[in-house]
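# Examining the three-dimensional arrangement
Spelled out from the first residue to the last, the chains are:
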Amino acid sequence: MTVATGSAVAPERRRAPRGSARQSIVAAATELFARRGYEATSVQEIVAAAEVTKGALYHWFGSKSELLTSIYRELLAEQTERLAEIAAGDGPVRERLHAAALDVVAHTAEHLAELTVWARSAHLLDDEHAEATRRERRRYHDLFRDLVHEGQLAGVVRTDLSATVVTHTFLSALGNIHTWFHPDGPLTFTEVGQQLVTLFVDGLRAPAQPEPAHPAAG
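Residues numbered from 1 in each chain as written. Predicted model: local features only at pLDDT ≥ 70, side-chain atom pairs only at ≥ 80, totals over all residues. Heavy atoms only, no water.

For the rest of this paragraph, the subject is the environment of Val157. Tracing the backbone shows Val157 in the loop between helix 7 (127-153) and helix 8 (163-175). Those residues in contact with Val157 that sit more than four places away from it in its chain are Leu97, Val148, Gly151, Gln152, Leu204 and Ala206. (Helix = DSSP H or I, 4+ residues; strand = E, 2+ residues; numbered from the N terminus. Contact = heavy atoms within 4.5 Å.)

Below is the structure:
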């Protein structure tokens, strides 16, 4: 998901090699935030779990708030890039919309821990980090909404609903699954997400046009 330029907290400002201390810090912070909560986790606990120094953490992240934001914004940038590629594809718009919905489910399932941590802790961020994230989230929503609108123009998506309402309803429903989903339940997260996609895509289907009346044979 594309990162806004000009932000002092953009996650791409420093690139980390694979297997780096940065990856260890992100992994440790994600696990601790998920298990203990963002507020209850100290920087010292993060560096101890990551087996790095505080200097290493502050080399990559200016604060604990920036660390949390960076975890989410990098996932957001990745998700936006994937959506943009699907939206720009050559297939019929209905197929691309279905693929986009399935892709966000798959990406969420792959990063459920990070995204759940974010959903539970985003309200604790300072204004600078929160606003940077909102800008990038709007870009993703706009791309998804434009794809819904393209379907409406093509006559394959119902037009009695706002593309904005449709987009927010689907993405909000997916983003809130963590509040009620149980891993030991009868369905996996991916299966729940796929059922949500089915409801979403089928609910958007434009009504079939009535067959033209034929004059009686005379």
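The description of two packed helices rests on the angle between their axes and on the distance between the axes. Helix 7 packs onto helix 5 (residues 93-110) with a crossing angle of 150 degrees between their chain directions and a minimal axis gap of 9 Å. Accordingly, the angle class assigned to the pair helix 5 and helix 7 is roughly antiparallel. Classified by chirality, the crossing of helix 7 by helix 5 is left-handed. Between helix 5 and helix 7, the residues in contact are Val93, Arg96, Leu97, Ala100, Ala101 and Val104 and Tyr140, Phe144, Leu147, Val148, Glu150 and Gly151, respectively. (Axes fitted to C-alpha atoms, helices over the stretch in contact; angles between N-to-C directions. Parallel < 35°, antiparallel > 145°, perpendicular 65-115°, else oblique. Left-handed = near helix turned anticlockwise from the far one by under 90°.)

An ideal rise of 1.5 Å per residue puts 39 Å on 27 residues; helix 7 measures up with 38 Å between its terminal C-alpha atoms. Just downstream of helix 7 lies Gly155, where phi reads positive at about 85 degrees. (Expected span 1.5 Å × (residues − 1).)

As a further point, take the environment of Val93. Relative to the helices and strands, Val93 is located in helix 5. With relative accessibility at 9%, the residue Val93 sits in the buried group. Separated by 62 residues in sequence, Val93 and Gly155 place their C-alpha atoms 9.9 Å apart. Setting aside anything within four residues of it in sequence, one finds Val93 in contact with Leu147, Glu150, Gly151, Ala154 and Val156. (Buried < 20%, exposed > 50% of the residue type's maximum accessible area, 1.4 Å probe, protein only.)

Honestly, that's just the spatial picture; any functional story needs more than this.
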